[in-house]
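# Structural features, examined
Here is what each chain is made of, one letter per residue.
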Amino acid sequence: MHARALRSWFTVLVALTALPLFAQGSENAIAAAVLFTVVMVGSVVAGLCIILLYLFKRRRWQRIFVLVFGALMVVVGLALLAQQGAPQDIEFLGLLLGGAGVVFVALGALLRPRMVTSAQAKEQ
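Presented here is an overview of the structure given in this document. All values derive from a computational prediction rather than experimental measurement.

Helices and strands together make up the secondary structure of the chain, namely five helices and zero strands. Listing every helix and strand of the chain by position from the N terminus yields α-α-α-α-α. For the chain, the proportion of its 124 residues judged to be buried stands at 23%. Residue pairs at least 24 apart in sequence account for 64% of intrachain contacts in the chain once pairs closer than 6 positions are excluded. Carbon together with sulfur atoms contributes 71% to the accessible area of the chain, which is approximately 9000 Å² in total.

In structure tokens form, the structure reads like this:
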């Protein structure tokens with residue numbers, strides 16, 4: 001799948017998430033929560049895929065992405081946990097995002113990128 005197609009899907013998901021956020025009513029609130037959860041779980045899965053690629057290839061840009069993505073997930077997880085009176089679903093989502101973010105940051109910090117030799121650079 002091309003990067004342009006992935007960006008298009010991500011844009012559609014973000015638009016679907018943003019539409020019901022300003023609506024009133026319990027059904028719209030449920031729809032917004034479900035779409036938000038789908039986007040967050042999708043982000044975790046995408047991050048896990050990039051982590052797996054980083055474990056095998058260890059490129060410098062992948063390390064930067066892993067560290068930034070992990071830090072953002074920790075911040076979002078903490079923001080969700082900081083809400084008072086949040087239901088258990090949001091608490092679980094905050095713990096999931098925070099825990100995954102900590103794992104991403106730890107792996108990015110502990111595993112150094114591999115040095116690319118000129119022979120490896122020609123193969124790519």
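It is worth spelling out the nonpolar core at this point. Counting residues in each nonpolar core, the largest one holds 14 residues, and the members touching the most others are Met40, Val44, Val66, Met73, Leu93, Leu97 and Phe104. Broken down by element, this core gets its largest block of residues, six residues, from helix α2 (residues 26-57).

Time to look at helix α4 (residues 88-110). Across its 23 residues, α4 extends 33 Å between first and last C-alpha, which sits within 8% of the 33 Å expected from 1.5 Å per residue. All of the buried residues in α4 are Leu93, Gly94, Leu97, Gly98, Ala100, Gly101, Phe104 and Gly108.

Take the packing of aromatic side chains next. In this structure the tally under the stated criterion is two aromatic pairs. On the basis of an interplanar angle of 10° and a centroid distance of 5.4 Å, the ring pair of Phe65 and Phe69 is categorised as stacked. Residue Phe65 and its partner Phe69 are located together in helix α3 (residues 60-82), separated by four residues, close to a single helical turn. Within the aromatic cluster, the residues linked to one another by ring pairs are Phe65, Phe69 and Phe104.

All right, on to the environment of Gly42 then. Mapped onto the elements, Gly42 comes out in helix α2. For Gly42 and Phe10, which are 32 residues apart along the polypeptide, the C-alpha to C-alpha distance reads 9.6 Å.

This brings us to the side chain of Gln62. By secondary structure assignment, the location of Gln62 is in helix α3. Look at Gln62 and you get buried, because its relative accessible area is 4%. Polar side-chain contacts of Gln62 include one of 3.1 Å to the backbone nitrogen of Arg59. Apart from the residues within four sequence positions on either side, Gln62 is in contact with Leu53, Tyr54 and Lys57.

Locating Val102 in the fold gives a position in helix α4. Judged by relative accessible area, which is 49%, Val102 ranks as partly exposed. A C-alpha to C-alpha distance of 10.0 Å links Val102 and Leu72, two positions 30 residues apart in sequence.

The rules we used
- The residue count restarts for each chain, going from 1 along the sequence in the order it is written.
- In keeping with the predicted nature of the model, local features appear solely for residues at pLDDT of at least 70, side-chain atom pairs appear and are counted solely at 80 or more, and the whole-chain, interface and lining totals rest on all residues.
- With hydrogens and water excluded, all non-hydrogen atoms of the structure serve as input to the side-chain values.
- Each helix corresponds to a stretch of at least 4 residues labelled H or I by DSSP, and each strand to a stretch of at least 2 residues labelled E; elements are numbered beginning at the N terminus.
- The buried label applies to any residue whose accessible area, calculated with a 1.4 Å probe on protein chains only, is under 20% of its type's maximum; exposed applies above 50%, and partly exposed to all values in between.
- Residue contacts are counted whenever heavy atoms from the two residues lie within 4.5 Å of one another.
- The method behind every accessible area is Shrake-Rupley, applied with a 1.4 Å probe, and residues are considered shielded solely by the protein chains displayed.
- Side-chain atoms within 4.5 Å are what join buried Ala, Val, Leu, Ile, Met, Phe, Trp, Tyr and Cys residues into a set we call a nonpolar core.
- Residue count minus one, scaled by 1.5 Å, sets the expected span of a helix.
- Note on aromatic contacts: the rings of Phe and Tyr and the six-membered ring of Trp form a pair at centre separations within 6.5 Å, being stacked when their planes are under 30 degrees apart, edge-to-face when over 60 apart, and tilted otherwise.
- Under the rule applied, a polar contact is a pair of N or O atoms within 3.5 Å (in protein, one hydrogen donor and one hydrogen acceptor; residues adjacent in sequence only if both atoms are side-chain atoms).

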